[in-house]
Amino acid sequence: MKIAVIGAGIIGVTTAYELGQDGHEVTVFERRGAAAEETSFANAGIIAPGYVTPWAAPGMPRKVIGQMLQRHAGIRVRLPLARDELAWMWRWYRACNLEQYLTSRTHMRRLAFYSRARLHTIRHALRLEYDRSDGYMVLLRTERDRDMVQPSLQVLREAGVAFRQLEPEQARMVEPALNADTPFQAAIQLPDDEVGNCRQFALLLKNEAQRIGVAFRFNCSVEFIVADARPALQLRGEPQAQSFDAIVVCAGVDSAPLLRSLGIALPLVAVHGYSLSASIREPLHAPRSAVMDEHYKVAITRLGNRVRVAGGAEVGGRASRKNLDTLRTLYKVLQDWFPGAASIHNGIQEWKGARPMLPDGPPIVSASGKSGIWLNLGHGSSGWALSCGSARALADAIAGKAPEIDMQGFDLSRLAS
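Residues numbered from 1 in each chain as written. Predicted model: local features only at pLDDT ≥ 70, side-chain atom pairs only at ≥ 80, totals over all residues. Heavy atoms only, no water.

Observations regarding the overall build of the protein
Here is step 1: Scanning the protein from terminus to terminus reveals ten helices and 19 strands.
Here is step 2: In terms of principal-axis extent, the alpha carbons of the protein reach across some 65 × 45 × 40 Å.
Here is step 3: When the 417 residues of the protein are sorted by exposure, 57% land in the buried category.
Here is step 4: For the protein, the proportion of contacts with a sequence separation of at least 24, taken over those separated by at least 6, is 76%.
Here is step 5: Placing the 49 positive and 41 negative side-chain charges of the protein at their respective mean positions leaves the two points 4 Å apart. (Helix = DSSP H or I, 4+ residues; strand = E, 2+ residues; numbered from the N terminus. Buried < 20%, exposed > 50% of the residue type's maximum accessible area, 1.4 Å probe, protein only. Contact = heavy atoms within 4.5 Å. Lys, Arg positive; Asp, Glu negative; His and termini not counted. Charge placed at Lys NZ, Arg CZ, Asp CG, Glu CD.)

Things to note about the environment of Gln21
Here is step 1: Of note, Gln21 is situated in helix α1 (residues 10–21).
Here is step 2: For the pair Gln21 and Glu208, spaced 187 residues apart in sequence, the C-alpha to C-alpha distance is 10.0 Å.

A look at the pattern of salt bridges
Here is step 1: Summed over the entire model, instances satisfying the criterion amount to 25 salt bridges.
Here is step 2: Notably, a salt bridge pairs Arg230 with Asp245, separated by 3.1 Å at the nearest N-O pair. Linking Arg230 in the loop between β9 (222–226) and β10 (232–235) with Asp245 in the loop between β11 (242–243) and β12 (246–249), this pair joins segments that are 15 residues apart in sequence.
Here is step 3: Residue classification places Arg230 among the partly exposed residues on the basis of a relative accessible area of 38%. (Salt bridge = Lys/Arg side-chain N within 4 Å of Asp/Glu carboxyl O.)

Concerning the side chain of Ser390
Here is step 1: Along the polypeptide, Ser390 turns up in helix α10 (residues 383–398).
Here is step 2: A polar contact is formed between the side chain of Ser390 and the side chain of His379, at a distance of 3.1 Å.
Here is step 3: Polar side-chain contacts of Ser390 include one of 2.8 Å to the backbone oxygen of Leu386.
Here is step 4: Beyond its immediate chain neighbours, meaning those up to four positions away, Ser390 contacts Leu111, Val365, Asn376 and His379. (Polar contact = N/O pair within 3.5 Å; in protein donor to acceptor, adjacent residues only side chain to side chain.)

Topic: a nonpolar patch on the surface
Here is step 1: Side chains of Ile65, Met68 and Leu69 sit close together on the surface and give an oily, nonpolar patch of about 400 Å² of accessible area.
Here is step 2: Here Ile65 is to be found in helix α2 (residues 60–67).
Here is step 3: The exposed category is assigned to Ile65, whose relative accessible area is 60%. (Patch = residues over 30% accessible without salt bridge, like charges linked within 9 Å, V, L, I, M, F, W, Y side chains within 5 Å. Areas by Shrake-Rupley, 256 points an atom, 1.4 Å probe, with all protein chains shown as cover.)

Regarding the packing of α1 against α10
Here is step 1: In contact at an axis separation of 8 Å, α1 and α10 are set at 35 degrees when each is read in the N-to-C sense. Seen from above, α1 lies across α10 with right-handed handedness. Contacts from Ile10, Ile11, Thr14, Thr15, Glu18 and Leu19 of α1 reach α10 at Gly383, Trp384, Ser387, Cys388, Ala391, Arg392, Leu394, Ala395 and Ile398.
Here is step 2: Of the residues belonging to the contact of α1 with α10, the class tally is nine nonpolar, four polar and two charged. (Axes fitted to C-alpha atoms, helices over the stretch in contact; angles between N-to-C directions. Left-handed = near helix turned anticlockwise from the far one by under 90°. Nonpolar A, V, L, I, M, F, W, Y, C, P; charged D, E, K, R; others polar.)

Let's talk about the packing of aromatic side chains
Here is step 1: Evaluation of the coordinates by the stated rule reveals ten aromatic pairs.
Here is step 2: Here Phe216 and Phe218 contribute two aromatic rings whose centre-to-centre distance is 5.8 Å and whose plane-to-plane angle is 15 degrees, an arrangement assigned as stacked.
Here is step 3: Taking relative accessible area as the criterion, Phe216 reaches 13% and is therefore assigned buried.
Here is step 4: A relative accessible area of 23% places Phe218 in the partly exposed class.
Here is step 5: Site record: aromatic cluster; members linked through ring pairs are Trp55, Trp88 and Trp92.
Here is step 6: A cation over a ring is seen here: Lys2 above Phe244, with NZ or CZ 5.1 Å from the ring centre. (Phe/Tyr/Trp six-rings, centres within 6.5 Å; stacked < 30°, edge-to-face > 60°. Lys NZ or Arg CZ within 6 Å of the ring centre and 35° of its normal.)

Re the sheet that holds β10
Here is step 1: With antiparallel pairing, the three strands of this open sheet are ordered in space as β9-β10-β11. One side of each edge strand has no neighbouring strand; the edge strands of this open sheet are β9 and β11.
Here is step 2: Pairing of β9 with β10, which is carried by four bridges, proceeds in the antiparallel orientation. Following the sheet pairing, Val222 is matched in β10 by Leu235. (Pairing = 2+ DSSP bridges.)

Digging into empty space enclosed by the protein
Here is step 1: Under the counting rule described, the total for this entry stands at one cavity of 30 Å³ or more.
Here is step 2: For the largest cavity, the calculated volume is near 40 Å³.
Here is step 3: Along the walls of the largest cavity sit His72, Ala73, Gly74, Tyr296, Val298, Gly311, Gly312, Thr326, Thr329 and Leu330, which together make up its complete lining.
Here is step 4: Elements that contribute at least two residues to the lining of the largest cavity include exactly β16 (306–316) and α9 (324–337).
Here is step 5: Its residues assigned to classes, the lining of the largest cavity shows four nonpolar, six polar and no charged. (1 Å grid on protein atoms, 1.4 Å probe; cavity = no way out; pocket = protein on both sides within 12 Å on 5 of 7 lines; lining within 4 Å. Points joined across faces, edges and corners; volume = space filled by probe spheres on them.)

Re the nonpolar core
Here is step 1: Ranked by internal contacts, the top residues of the largest apolar core, which has 47 residues, are Phe201 and Val248.
Here is step 2: When contributions to this core are tallied by element, the ones reaching two or more residues are β1 (2–6), α1, β2 (25–29), α4 (98–126), α7 (198–211), β12 and α10.
Here is step 3: The dominant element in this core, judged by the number of residues it contributes, is α10, at eight residues.
Here is step 4: Residues contacting Phe201, with those up to four places away along its chain left out, are Ile10, Thr14, Leu119, Ile122, Leu128, Tyr130, Trp384 and Cys388.
Here is step 5: If you look at the next biggest cluster of nonpolar residues, it comprises 27 residues, including Leu139, Tyr296, Val307 and Leu334. (Core = buried A, V, L, I, M, F, W, Y, C linked by side-chain atoms within 4.5 Å.)

Focus on the state of the cysteines
Here is step 1: Tallied over the full model, the rule gives zero disulfides.
Here is step 2: For Cys198, which is in no disulfide, the shortest distance to another cysteine sulfur is to Cys388 and amounts to 9.1 Å.
Here is step 3: Owing to a relative accessible area of 0%, Cys198 belongs among the buried residues under this scheme. (Disulfide = S-S within 2.5 Å.)

Printed below as a string of structure tokens:
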């Protein structure tokens, strides 16, 4: 089939690769000048399937309200709020019930474990080399943090996920550079989880996709999609629409306006996250892999010769404006755990990225209900962790084959009002 993929982030690139592997004639349309320039550009890089959970959870609305005036709040609601953001928040609030949460978490983790396995298959088959390391550790500063994590540990036990509960001295053996002056109560080590540079992987896989015949058109904006017996794309600056046998929408937050013209109302908004990336000044003072400060919900990862600090979740406000308090929190957490690790006064990169998030958590990986138009979007903060599995499952569905895992819960019907 002749297939168009809209978007060249990690979701679009993995989707294009899998479709190309299946023998389709694939063209990727991307408005930026290169792949992985937006949400996939500087995320934390953590792949921890057991910790993939929906943002819509019992107690989250109360937590958001409680953090509104805190200087180091992990979640922020900013003004101005657009109408679609207010509508999204209402739907998110309604999804924060135990039954919905447990269902969404089950779906997301099933896809996350499959996606990690698919990532490993691709990496080994293609011998891709990118900045990565094995292991992930969650740091628990307080007794309350330790108590709050216990239900999650029970879920990991039931799922058969390997983990160890560590005392501080044991944690320092795993990560020797942890600051001796920062006290904490305990840690959770997940040896089978990992961290990897999402953007590097996307660029390498883009090259492999091109090698098998996938075409990429950069600096190319899609104005609208034409729903017909054979769907088409109208590109900005071109006189005629281009027809395809199938179109896959992987355009992040820009997917919503594209689909709205087709009569598909998608409750998809940007929940912005932040990161800092800096060269490592002294390797002995840097993390070996990845740690998560559970109290502040901030991850510190080692990506080759750089350290990255990522966190924050922000709804509303102006996309172009960075929140200084959130950035200060990232600097604080880095200083608390790994002082002297990074060259923070020399070329540090401060990044703010839009995570395309649906109110209940899981992405949409399915047909759209319109002939020939497919969706792979709404992965939120778990795009890197879910990308390879989502791409393979959607490619199977387009080919008319049953995916290797149950994809119940990833279709549009669950969002019907």
